[in-house]
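Chain by chain, the residues run as shown.
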Amino acid sequence: MKNEVKKLGRPVNENSERQKRIKELEFKRKNGLLKLGRPVNPNSERQKRISELESKRVNGELKLGRPVNENSERQKRLKELEEKRKNGTLKRGRPKMIKIDNNEVVN
């Protein structure tokens, strides 16, 4: 005894435009020819800018981030700290507590 499987739902017309399009898309998807999204215009200003940035990145000319203002208060403070580190005059850690014993100040 054979169990016949009945297709449920409405019958599909294989010759309809929609079914032809679905088969074509499936064929392209299998072969890797299906391209999604908006096509890129290689002559657009944005694409020119992107290629320019890429060439600068390869040559090492492109600097990342915002430029540093050497005259800012923070940069001056950082330079002072760096100089103190090099000289060995930078005090590290928490300051010692000043103890007073018999009217003498000990550091």
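Residues numbered from 1 in each chain as written. Predicted model: local features only at pLDDT ≥ 70, side-chain atom pairs only at ≥ 80, totals over all residues. Heavy atoms only, no water.

Quick word on the overall build of the protein chain
Each helix and strand in the protein chain was counted, giving 3 helices and 2 strands. Overall, the protein chain shows an N-to-C arrangement of helices and strands of α-α-α-β-β. Projected onto its principal axes, the C-alpha positions of the protein chain cover 110 × 55 × 20 Å. For the protein chain, the accessible surface area stands at approximately 12,000 Å², while carbon and sulfur atoms represent 50% of it. (Helix = DSSP H or I, 4+ residues; strand = E, 2+ residues; numbered from the N terminus. Areas by Shrake-Rupley, 256 points an atom, 1.4 Å probe, with all protein chains shown as cover.)

Looking at the environment of Lys79
Summarising the element assignment, Lys79 is placed in helix α3 (residues 73-87). Along the chain, Lys79 and Asp101 lie 22 residues apart, while their C-alpha atoms are 38 Å from each other.

Here's the deal with helix α2 (residues 45-59)
The end-to-end C-alpha distance of α2, which contains 15 residues, comes to 21 Å, matching closely the 21 Å that a straight helix rising 1.5 Å per residue would cover. Taken from the residues just after α2, Gly60 is the one with a positive phi, measuring 85 degrees. (Expected span 1.5 Å × (residues − 1).)

Here we look at the pattern of salt bridges
Two side chains that carry opposite charge are able to pair once their charged atoms sit near each other. Applying the stated criterion across every chain, the model contains 9 salt bridges. In this structure, Lys28 engages Glu24 in a salt bridge whose closest nitrogen and oxygen atoms are separated by 3.6 Å. Of this pair, Lys28 and Glu24 both sit in helix α1 (residues 17-31), 4 residues apart, which is roughly one turn of the helix. Linked through salt bridges whose partners overlap, the residues forming this network are Arg49, Glu52 and Lys56. (Salt bridge = Lys/Arg side-chain N within 4 Å of Asp/Glu carboxyl O.)

Details of α3
For an α-helix, the turn length of 3.6 residues means that residues three or four places apart are oriented alike. With 15 residues, α3 should reach 21 Å at 1.5 Å per residue; the first-to-last C-alpha distance of 21 Å fits that figure. Looking one or two residues beyond α3, the residue adopting positive phi is Gly88, at roughly 85 degrees.

Re the confidence of the model for the protein chain
Residues with a pLDDT of 70 or more make up 93% of the protein chain, whose mean pLDDT is 88. At the low end of the mean pLDDT range in the protein chain sits strand β2 (residues 104-106), at 55; at the high end sits α1, at 95. (pLDDT = per-residue confidence, 0-100.)

What to know about the side chain of Gln19
For Gln19, the position within the fold is in helix α1. Classification of Gln19 as buried rests on a relative accessible area of 18%. When sequence neighbours within four positions are dropped, the list of residues in contact with Gln19 reads Val12, Asn13 and Glu14. (Buried < 20%, exposed > 50% of the residue type's maximum accessible area, 1.4 Å probe, protein only. Contact = heavy atoms within 4.5 Å.)

Quick look at the environment of Glu82
Counting through the fold element by element, Glu82 comes out in helix α3. Along the sequence, Glu82 and Pro42 sit 40 residues apart, while their C-alpha atoms lie 48 Å from each other.

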